[in-house]
Every structure is written in C-alpha cells, then in structure tokens.
Amino acid sequence: MDDNQTIDQDRILKINIEEEMKSSYIDYSMSVIVARALPDVRDGFKPVHRRILFGMLGIGNTSDKPYKKCARVVGEVLGKYHPHGDSSVYGALVRMGQDWNMRYTLVDGQGNFGSVDGDSPAAMRYTECRLSKIGEHVMDDLEKDTVNMTNNFDDTLKEPSVMPTKIPNLLVNGANGIAVGMATNVPTHNLNEVIDGCCAYIDNPDIDLDGLMQYIKAPDFPTGAYIYGIQGVRQAYETGRGRIIMRAKANIESNESHDKIVITEIPYGVNKAELIEYIAELVKEGKIQGIANANDESGRQGMRIVIDVKKDANANVILNKLFKMTALQSSFSVNCIALVNGRPRLLSLRDCVKYFVEHRHDVTIRRTQYDLRKAQERAHILEGLIIACDNIDEVVHIIRGSKTPVDAQHNLEQRFKLDELQSKAIVDMRLSQLTGLRMDQLHAEYDDLEKKIAYYQQILNDPELCKKVMKDDLLEVKEKFGDARRTEIKYSSEEFNPEDFYPNDPVVITVSHLGYIKRTPLNQFREQARGGVGAKGARTRDNDFTEFIYPATMHQTMLLFTRKGRVYWLKCYEIPEGDKNSKGRAIQNLLNIDKDDQVNAFLRLKGLQEEEFIKSHYVVFSTKNGTVKKTCLDQYAHPRANGVIAINIVEGDEVVDVRLTNGHNELIMANRNGRAVRFNENAIRPMGRTATGVRGIRLDSGNDACIGMIVINDPENETVMVVSEKGYGKRSSVSDYRITNRGGKGVKTLTITEKTGKLVAIKNVTDKNDLMIINKSGIVIRLAVANVRIMGRVTQGVRLINLTKKNDAIASVCKVMSSDLEATVEEESRAMWAKKSEEIKQDGTTGASDEGHAEPEAAPETSGDESTPSDEDGTDAVKGEDGDDSSDPVTPNTDFE
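If you look the protein chain up in an unreviewed UniProt entry, it shows as DNA gyrase subunit A from Segatella cerevisiae. Listed under Sequence similarities (unreviewed entry) in UniProt, the entry text for the protein chain is "Belongs to the type II topoisomerase GyrA/ParC subunit family." Entered under Catalytic activity (unreviewed entry) in the UniProt record, the comment concerning the protein chain runs "ATP-dependent breakage, passage and rejoining of double-stranded DNA."

(A) Broad picture of the nonpolar core. Residues Ile52, Leu53, Leu93, Leu191 and Val353 are the most contacted members of the largest nonpolar core, which totals 84 residues. The element best represented in this core is helix 8 (residues 191–203), accounting for eight residues.

(B) Expanded view of the sheet that holds strand 29 (residues 666–671). An order of 32-29-30-35 is seen for the four strands of this open sheet, with the pairing classed as antiparallel. Of all strands in the sheet, those bounded by a partner on one side alone are strand 32 (706–712) and strand 35 (747–748). The pairing of strand 29 with strand 30 (residues 675–680) spans five bridges and is antiparallel. Within the sheet, the bridge partner assigned to Leu667 lies in strand 30 and is Phe679.

(C) Structural context of the UniProt feature "active site" (unreviewed entry) in the protein chain. Look at the UniProt record and you will see "active site" (unreviewed entry) annotated at Tyr126. Structurally, Tyr126 can be placed in the loop between strand 2 (107–110) and strand 3 (128–131). Classification of Tyr126 by relative accessible area gives exposed; the value is 53%.

(D) Up close: helix 4 (residues 70–80). Regarding helix 4, the residues found buried are Cys70, Val73, Val74, Glu76 and Val77. Buried residues of helix 4 fall within an arc of 160 degrees about the axis and therefore sit on the same side. Check the buried side of helix 4 and you find it contacts helix 3 (47–58), strand 1 (68–69), helix 5 (86–95) and strand 3.

(E) Spotlight on the environment of Ser254. Structurally, Ser254 can be placed in strand 10 (residues 249–254). Taking C-alpha positions, Ser254 is 9.8 Å from Val309, a pair spaced 55 residues apart along the chain. A polar contact of 3.0 Å, which involves the side chain of Ser254, links it to the side chain of Asp259.

(F) Spotlight on the sheet that holds strand 1. Taken in spatial order, the three strands make up an open sheet running 1-3-2, and their pairing is antiparallel. Taken across any chain shown, the strands that pair with only one partner, and hence form the sheet edges, are strand 1 and strand 2. In this structure, strand 2 lies alongside strand 3, joined through four bridges in antiparallel fashion. Counted as the bridge partner of Gly109 is Cys129 from strand 3.

(G) Just the environment of Ala601, in detail. For Ala601, the location among the structural elements is in strand 24 (residues 599–605). On a C-alpha basis, the gap between Ala601 and Val658 in space is 5.9 Å, while along the polypeptide they are 57 residues apart. What Ala601 contacts, discounting residues up to four positions off in sequence, is Leu559, Leu560, Phe561 and Val658.

(H) Representation of unusual backbone geometry in the model. Look at Asp145: it is not a glycine, yet its phi comes out positive at around 55 degrees. Mapped onto the elements of the fold, Asp145 is located in the loop between helix 6 (133–137) and strand 4 (149–151). Its identity as a non-glycine residue notwithstanding, Asp155 has a phi of 60 degrees, on the positive side. According to the relative accessible area criterion, Asp155 is exposed, its value standing at 55%.

(I) Looking closely at the packing of helix 4 against helix 5. Helix 5 packs onto helix 4 with a crossing angle of 125 degrees between their chain directions and a minimal axis gap of 10 Å. The angle between the axes of helix 4 and helix 5 places the two elements in the oblique class. Between helix 4 and helix 5 the crossing geometry is right-handed. Between helix 4 and helix 5, the residues in contact are Cys70, Val74, Val77 and Leu78 and Asp86, Val89, Tyr90 and Leu93, respectively. Among the residues forming the contact of helix 4 with helix 5, the class breakdown is seven nonpolar, no polar and one charged.

(J) Spotlight on the confidence of the model for the protein chain. Averaged over the protein chain, the pLDDT score is 83; the fraction of residues at 70 or greater is 86%. A low-confidence stretch, residues 819–837 stays under pLDDT 50, and its non-local contacts, those more than four residues away or across chains, total 50 contacts. Within the model, pLDDT remains below 50 along residues 839–897, and this stretch shows 203 contacts once partners closer than five positions in the same chain are excluded.

(K) The arrangement of the pattern of salt bridges in detail. All told, the structure shown has 44 salt bridges when counted by the stated rule. The residue Lys424 makes a salt bridge to Asp428 at a minimum N-O spacing of 2.9 Å. Accessibility expressed as a relative area gives 49% for Asp428, which makes it partly exposed. Through salt bridges that share partners, Asp141, Arg360, Arg367 and Asp473 make up one connected network.

(L) Representation of the pairing of strand 19 (residues 516–521). Among the six residues of strand 19, six are classified as buried, and the element is accordingly described as predominantly covered. Where burial is concerned, the two faces of strand 19 agree: the one with Tyr516, Lys518 and Thr520 and the one with Ile517, Arg519 and Pro521 are both buried. Judged from the five bridges that link them, strand 18 (residues 506–512) and strand 19 form a sheet pairing that is antiparallel. When the bridges of strand 19 are listed, Val508 appears paired with Thr520. Direction of pairing for strand 19 relative to strand 23 (residues 585–586): antiparallel, over a ladder of two bridges. Residue pairing in the sheet places Ile517 in a bridge with Arg585 of strand 23.

(M) Spatial organisation of the side chain of Asp653. Structurally, the position occupied by Asp653 is in the loop between strand 27 (644–645) and strand 28 (655–661). Here Asp653 is buried and forms no salt bridge, its nearest opposite-charge partner Lys624 lying at an N-O distance of 7.1 Å. Ignoring any residue separated from it by four or fewer positions in sequence, one finds Asp653 in contact with Thr623, Lys624, Asn625 and Thr627.

(N) Fine view of helix 10 (residues 231–239). Of all the positions in helix 10, only Gly232, Val233, Ala236 and Tyr237 are classed as buried. The arc that holds the buried residues of helix 10, viewed along the axis, is 135 degrees, so those residues lie on one side. Of the exposed residues in helix 10, those oriented more than 90 degrees away from the buried face are Gln231 and Glu238. In this structure, the buried side of helix 10 is in contact with helix 9 (209–213), strand 8 (226–228), strand 9 (241–247), strand 14 (329–335) and helix 13 (349–390). Gly240 sits one or two residues past helix 10 and shows a positive phi near 95 degrees.

(O) Representation of the packing of aromatic side chains. By the definition in use, this model includes eight aromatic pairs. Measuring from ring centre to ring centre gives 5.2 Å for Phe221 and Tyr268, while their planes differ by 20 degrees; the resulting arrangement is stacked. Within this pair, whereas Phe221 is found in the loop between helix 9 and strand 8, its partner Tyr268 is found in the loop between strand 11 (259–265) and helix 11 (272–284), the two being separated by 47 residues in sequence. Exposure class is identical for Phe221 and Tyr268. Each is buried. A centroid spacing of 6.1 Å and a plane angle of 50 degrees characterise the contact between Tyr455 and Tyr456, whose relative ring orientation is tilted. Taken together, the aromatic side chains of Phe221, Tyr268 and Phe332 make up a single cluster linked through ring pairs. The positively charged end of Lys249 is found above the aromatic ring belonging to Tyr226, 5.3 Å away from the centroid. Sitting over the ring of Tyr618, Lys630 keeps its end group 4.7 Å from the ring centre.

Scoring rules and cut-offs
Residues numbered from 1 in each chain as written. Predicted model: local features only at pLDDT ≥ 70, side-chain atom pairs only at ≥ 80, totals over all residues. Heavy atoms only, no water. UniProt positions renumbered as here; feature names shortened; annotations may be inferred. Core = buried A, V, L, I, M, F, W, Y, C linked by side-chain atoms within 4.5 Å. Buried < 20%, exposed > 50% of the residue type's maximum accessible area, 1.4 Å probe, protein only. Helix = DSSP H or I, 4+ residues; strand = E, 2+ residues; numbered from the N terminus. Pairing = 2+ DSSP bridges. Arc of directions from axis to C-beta. Contact = heavy atoms within 4.5 Å. Polar contact = N/O pair within 3.5 Å; in protein donor to acceptor, adjacent residues only side chain to side chain. Axes fitted to C-alpha atoms, helices over the stretch in contact; angles between N-to-C directions. Parallel < 35°, antiparallel > 145°, perpendicular 65-115°, else oblique. Left-handed = near helix turned anticlockwise from the far one by under 90°. Nonpolar A, V, L, I, M, F, W, Y, C, P; charged D, E, K, R; others polar. pLDDT = per-residue confidence, 0-100. Salt bridge = Lys/Arg side-chain N within 4 Å of Asp/Glu carboxyl O. Lys, Arg positive; Asp, Glu negative; His and termini not counted. Phe/Tyr/Trp six-rings, centres within 6.5 Å; stacked < 30°, edge-to-face > 60°. Lys NZ or Arg CZ within 6 Å of the ring centre and 35° of its normal.

Following this line, the structure appears as structure tokens:
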C-alpha cells in the first residue's frame, strides 16, 4: 500500500499555476492569430480560404468544368487540410461567392448563396460551386515550386503555406477577422487602381503615400455608394487605422402628388431588410416625420428602395435625417492588421503594397528558376538525342549488339560520352523519331530552349528585366479582370452640417423687453387677423412687451451682445420655436451668460460666409463711458459655443448700443446732460475685436454717461427723438446737429432742467413709429411719434407722459412699429406667400429661399442702423416692434427675390 502511494506521488508534477495559464493562453492566442483569424499580407488569405481554393483545384473543380456540390468541396477540405467544423468551411466558401461581400468573387456559386438582405445560404448539400476564373489566377504557377509547401495536419499531404497570387488580394477583396487581443478589418479596393499602385511601387520603391494615392484613391466597395470625405481614408492609409464614412446613393424624384427618395446603392456591410425595418420603426415612433411609406422595389435591374415623402414635407431634410439616424450613412473602421513573416503587424497602404510586390518578386524568381531548371534538363536530353540522330547507324549497331538495355546504355555512354539520362532517352526512342521531319523538330526545339534558357538567366541576373516581368504579370490580370470603380468619392467634410436638417424657410424672430426669444414660422402670421406681427396676442409677463422683431430664414445667424462686452451666436434654427401667442424662452437659458450680465443688443446676419459682405461692413459699439469702437464684421465670423470678447470693457463701463454700418454712415451719440455729437464713422479707425475703442463723446464731470447711439441713413426723412427721465421729449431735424469730429462735447439736444430731469434715450424715428415708455414703477405706455411735433434742438421739449407717482421716473424707451403699420404686415405676408406659392406651382421649387437672394420679409424692410438703405443681403434689422434704434420702416417689400 505504501509502495503504491509512493508511485502515485512520483507521478504528480508540481507546477506554478500562473506560469502554466500564461503559457497555455499564449500558445492558444498564437494559434488563433497565426492559424485561423488573421490573413497573410502576401496573399490576403486566412488558412481556411487558402485550403478551400487548394482543395477545389485538387479535385479539378475549375471554371471550365461542371459545378460540384459544396458538400463535396467541404468534405475534401475537412478530410485533407482543415480539421475544424464544417460550418466554418462552408461559411468561408459561401462568402467567397457573395458579390456584395467580395469585390471580386473567387468562387462561382450556383444555388442559394444568401442575399444582401441577410438571408442565410441554403445547406451545402443543395448548393454547388466551382472556382471562378480570377480564383484560378490566385493559384497560377503553384506547380512550379513558387511557394513553400507544408505538411497537413496528419503529415500525409502537402499544402501551400501561401498562394503565388498575381492578385493583390489583401487590398482588392479586403479581410476581416477577430483574433485574441486584436482584430483586422481591411476594406476592398478596385483591382485596376491597386495594380497601378503596385506597378508604380515597382518603378519607384521610394514612392510616398501621396504618390500611391494618385493611383489608389480610396477603397472601392462592392455595394457602390459614396465615400464621404477623404480625411479618414488618408489616415487609414497612413497609419493603418482610420474611419471611412460611407453614404448611400439616393435621389429625389418629384411628381405632381409628392416626392420620393429613391436609394439605389447602400453602404458596404449594411443589411437592406434591417435598414428598411429600422426606418419604419423611426417613423412609427415619431422620430422622423414626413414619411408616408418605405418599400423595397429591388429586382433584376438592381437595388431600389423607395421612400414616399408626404406632400407637405421637405424631401431634402428627411433624406439628411435618414443619413443621420440610420445606416444610410455608416462608417468603416479600418484596422489593417496582417501577418508579416508569421507575426501580426499594423500596416499602412505602402506596407501592404510593398510586401505584396516583394512576394511577387520571390514568386517570379522561383518560377524562373524552376523554368530554367526544366529547360536545362530538357536541353540536356535533346543534346543526347541529337547526337544519336547524327550517328544513327552506329547507335543502332551498338543497341543491336548489346545483350540487355542496360548494356546498351552503358555502351552508348562509353562511345559518345553521354550520361545515364541521355543514354536512357536514346534507348527509349521510337523508330518514328528517326524520320527526317522529327529530326528537324529536335533541332528546332533545342534552339528554342537555348533562347529560353538565355532569357531565364537574364531575368535572374537583370533586376530591371525582372521588374518588367512582374509588371507584365500584373497588367495581364488587370486587362482580364479590371473594371470601373463602383464607389464614388465625395471630397467633402465627413461631419453633418446642421443646416441640412432644417429647410431654409422664412420665420419671424421675436425678442421681448425682458429677454424672452422665440422663432415663429411665417405661415402662422398669414392665418391670423389684422394685428399681424405685433405683440397684441402674445402672452408675456407683466410689463413685458415685444421689443425686437426680425424677419429671417432658418439658416441665418443672430449675434447677441451683452453689457459686459461679449458676443454670442445663435442660428435661427437653434432658437426655440413658439406660436405667435407664446412668450418664448429666456435668453439666459440658451446661452452661457454670466449671471450678472445681460444681452442688450442684437444683429441679424444672413450668413458669415459671404466674404465680400463681412469685409465691407462694420460693428460699431458705444459704451456708457462715451467710448466708441468700430471693428470689421469678419472679426465676428467665427462662432464659439461659449461666446468671445466683442469689446474690451473697462471696470465701471458697459455696452450701451451696437450697430452694423457700411463704413460710410453717420453716428449721433448723446449723454445724460442733454448733449449730442454727430460725426462720420470714418472718424473711427477700424480696430481689433478685443480693443477698447476711442472717445466718442466727452462726458461732463460728475454722474454723466452716454445714454445711446443712433445711425443716420436718411437725414431727409429721419428725425432725432430724445426723452428725459421725467417724461419730457421732443423731435428735432437731423440737420440741426452739425457734423463735428468725434470726442467732442457736442451740442445741446435738450435743455436739461430740474423739471425735465436727465436725458435717458435718443432714437431716430419717423411718423410711422411708436414709442414704448417704461417707468421705474413698472407702468408701460405706448405713444405715437406722429403726435410729437418737430421743434428746435435747444428747447426743453413737451411733456410726453405724466408721472403720477412720487419719485417715479422713466427707466427706458423703446421704438416699435406703429399700430397702423402692424396691421399692414399681415397683408404683406399674405401677398408674399401667395406669390411664392404660385412660383412653386410653376417651377416645382421648395419653399426655402435661396441663400443668394434677399429672403422673404415678415415685416416691412427698413433702412435702419443695422444696414444700408439699399442693402438686400438680409442683414438689416427688421422693424416689427423694434427697439433697435433704427430708422422708420420704408415701403414694405413683397418680393422674395
């Protein structure tokens, strides 16, 4: 018993479990990496693909023979070369025959090999296959000792370690696989382009990436579609890793009833059936609106997915949403890892080409050596046969005099100094070869072999000739199998443009006095009764009212300036939508504004990409301390999410007004003590965005401050309205204010007394404007400007309102559109929409206005402070109810163009 225990203990080996697990896992990992999951850089095949093709060649299953059952091929591969599951072999076989997965199919399949809808192939007992012609070329010259042969799993047969392919298969058909700790994903390419790139590398091994990309421009997927943006392609080619954006090929077809989105090509790897199903789910969940139906009308003519768009929906917007939310736009993550000398490596495009060309060089040299050896062996035999033919009588005599064939060979060797091979060939000669014709053929064959031997030796000795042979082999393949590129390249940004998701429809931007903002579709105003754009029906907080109204289009930009000198950008489509009666959303909730800061000036611009416009217009600031600054608009043409400094504000100062000028306007600034200075803006030199500015008006000592700035565009029709804090005001002609230089104290614009109080506002107005006067006590009074007569500049004016409460005073004054003019806006809106609708019926255009023309107006166009009178670029401030200190509205413009 004790002896048995001792024996058992002797059989137990103590090992370190950590080391054993590490060793076992590494062995398993390397087995998966090298012998299963990763392709070889030379031929682009994993072992299973290589064995399938070699097995098919072994049983004569070539393109010129009848199809064989796939089960026959799978059995051949399993029994001889690949000791794994039959499903893995059949799956790899089927994929090599699927033209939506392989750019150039290597297997010619017959039967159900699956579909792009994700349908599974039929069982292997039902399907048939054979090698395709290009699949045969993968194994050209295999019999000429061009590659190393290795033992199969039971050491009874030989199989190739790599294919002597003339096709750069790793790039042409791509590869994908998941190993242990690494994976590969290589896109497919066009055969013509890759071979041209390989030939260019053969000619110039020092060619760089830019040189190669002259030939190999981008991947070429079997399903076509678009490559959207080249940056990801270049990164993948340069580093081996990158993200390529693919986008479906879609067109919009219009008819009388509705538009259709027709998709004819989808990104590589997308399941068509799942794509359509997902679109239906998005529509059902309400995530995409405006789609009536989605059908798959694909057939023999090709792929055709038809998406019916509802009559009132914008097909372009829906298509862009589909790109954003579905696999109609997908990405291909390139991870080009392949085996190089049995080790996995991350490869650039140049590496892939380099290793393939080196492989072709080795194959060409080994094939030439094989051909040379065979030619020399045959020439050696022919030399003996020619000797025999030249001495035929003596040869016959020696053979007849010999007792055995061996003796005959020995005697011939001694007589003619031949070796064993030659003597055997002479002994084995047929009598027919002794005819004159056959003897001539022997001499001709020998001469031909002499030329071939010289040619083969030249290939081996002359590198340039060897390169030519390599190129000729590649160009032969290109001529036989090359085809046109399927995937088109769009050399544009890979990122989505947010404007793609919003039609450029006309809207009305409304800002209230207390800082609530909204956008309202213009078509809401054509449905209402008289009162139009005004704030009559709007629900606002107590003592709040509509102060600014801007007609705009969805793609226009709003610049918002704060008292502390920062500027923020808002696209019109980023402004919350609200109906004409809603109060809107607080601006503080939309922008990252400091709690102690507040937006107090707005500019609306058509676009910040129009180089000519932004370089010819200026943003002019006035501050509480009397500073004025002019900066070219292009300094504000680069939006930032958190805003930027628009003007440097010193401590104790703040922005009072911001105006857009054309470089030739006149400005009037006023202070609390009732003085105003008028000067041409040319007196202000343009400064940088972060500059502080220069003196615009000289303030008096004490509690003086600049209370506003106006821009004069039309001195003949505009008048200057000033209002004091105790309710007095007056209108004066612009001509009463003589033009001086900036920085002076100016002239008296209102006689300031204890009865009038200090000046609180200056506006440029016409009879068509109203004033909204807000008292410190919270009372809001509306006053028609036409009721205030024009009087001299130095008078103290007339009482505009009575302040009934003790210590009450006017807090601020805003200029708005008069009630009569508000009523006309509805009529103008209706006229605009009627005209536009007629244009749509005639030419089939959408409701969005062109960026190159003036957009539809929700209110009459003005010649105010934010544009020139003749400006048609959509940058002028719009006067609905408008407190932007601009001039009076002119005749409304009802044209869209």
